[in-house]
Amino acid sequence: MSKVICFWYPVFVGILLGVMQIGLFFQLSLTLSSSFRTFLMVTLAWLIGSAIGATTLSNRPLKVLLFVMLVGYGAVNLLVLSSPYSTGFWFIYALIIVLIGLYPGAFFGHMGRYYPARILFFRENNGFIIGTVAGTILFALYGRVILWGLPVLLALLLLIIPQRVFSSE
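No experiment lies behind these values; they were computed from the predicted model shown. (Residues numbered from 1 in each chain as written. Predicted model: local features only at pLDDT ≥ 70, side-chain atom pairs only at ≥ 80, totals over all residues. Heavy atoms only, no water.)

With that settled, the discussion passes to the overall build of the protein. Counting its regular elements, the protein contains 6 helices and 2 strands. When its helices and strands are written in sequence order, the protein yields β-α-α-α-α-α-α-β. Computed over its C-alpha atoms, the radius of gyration of the protein comes to 16 Å, within 12% of the 15 Å expected for a compact globule of 169 residues. Going through the 169 residues of the protein one by one, you find that 46% of them count as buried. Once local pairs closer than 6 in sequence are excluded, the contacts in the protein between residues at least 24 apart make up 86%. (Helix = DSSP H or I, 4+ residues; strand = E, 2+ residues; numbered from the N terminus. Rg over C-alpha atoms; globule rule 2.2 N^0.38 Å. Buried < 20%, exposed > 50% of the residue type's maximum accessible area, 1.4 Å probe, protein only. Contact = heavy atoms within 4.5 Å.)

Written out as structure tokens, the structure reads:
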């Protein structure tokens, strides 16, 4: 029995993560602060969540954590819309972004069992670059609707793409 791995799943996860990270950055930069502090908060909170996800949640179902990530992303968007320029919410944003970061960490911890690390990182990273570039261009062309809708569409796509496919020979 040989293992055939689904090529596209890690790529689309990377695209989703790139779109979400650029979406968080744009939403918070436009309505909270466009300082380096905003970029640093998003990056550090995401990495902390990823570390927690990779070390403690890699045995959890990825679909549940994908849902948690989307709910967290929506919560950040709603909080930013309801209280623009309110710097008193920095800590709340950071905590929500830590929750968002749980999925990417658990994804790497879980999928590392099925993909060699170099292949997993290569595919996810290339997807992340595509997501970051595409998210930036689409945001410039179509505005915030892209930052709100595209992550949901990509997450729905991840629900129908198989994480791994096995075949026998």
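Okay, the packing of aromatic side chains next. Here the structure, examined in full by the defined rule, presents 8 aromatic pairs. Ring centres of F25 and F39 lie 5.9 Å apart, and the angle between their planes is 90°; on these two criteria the pair is classed as edge-to-face. In this pair, F25 sits in helix α1 (residues 8-31) while F39 sits in helix α2 (residues 36-56), placing the two residues 14 residues apart along the sequence. Taking the centre distance of 4.7 Å and the plane angle of 20° together, the rings of F26 and F139 count as stacked. Of the two residues, F26 sits in helix α1 while F139 sits in helix α5 (residues 117-142), which places them 113 residues apart along the sequence. The exposure class assigned to F26 is buried, which follows from its relative accessible area of 17%. What makes F139 buried here is its relative accessible area of 17%. Members of the aromatic cluster, connected to one another through ring pairs, are Y9, Y103, F107, F108 and F121. Between the NZ or CZ atom of R37 and the centre of the ring of W90, over which it lies, the distance is 4.4 Å. (Phe/Tyr/Trp six-rings, centres within 6.5 Å; stacked < 30°, edge-to-face > 60°. Lys NZ or Arg CZ within 6 Å of the ring centre and 35° of its normal.)

The next thing to look at is the environment of L150. In this fold, L150 is placed in helix α6 (residues 144-160). Between the C-alpha atoms of L150 and V19, which are 131 residues apart in sequence, the distance is 7.6 Å. Excluding residues within four positions of it along the chain, L150 makes contact with V19, L138 and V145.

The first and last C-alpha atoms of α6 sit 26 Å apart over 17 residues, in line with the 24 Å expected at 1.5 Å per residue. A maximum bend of about 25° is found in α6 at L150, where proline P151 lies one to four positions downstream. Turning to α6, its buried residues are I146, L147, L150, P151, L154, A155 and L158. Buried residues in α6 make contact with α1, α3 (62-82), α4 (90-111) and α5. (Expected span 1.5 Å × (residues − 1). Bend = angle between axes of the 7 residues up to and from the residue.)

The next thing to look at is the packing of α1 against α2. Look at α1 against α2: their axes get within 9 Å of each other, and the N-to-C directions meet at 145°. Helix-helix and strand crossings are classified by hand; for α1 and α2 the assignment is right-handed. Contacts between α1 and α2 involve L17, M20, Q21, L24, F25, L28 and S29 from the former and T38, F39, M41, V42 and W46 from the latter. A class-by-class count of the residues in the contact of α1 with α2 yields 9 nonpolar, 3 polar and no charged. (Axes fitted to C-alpha atoms, helices over the stretch in contact; angles between N-to-C directions. Left-handed = near helix turned anticlockwise from the far one by under 90°. Nonpolar A, V, L, I, M, F, W, Y, C, P; charged D, E, K, R; others polar.)

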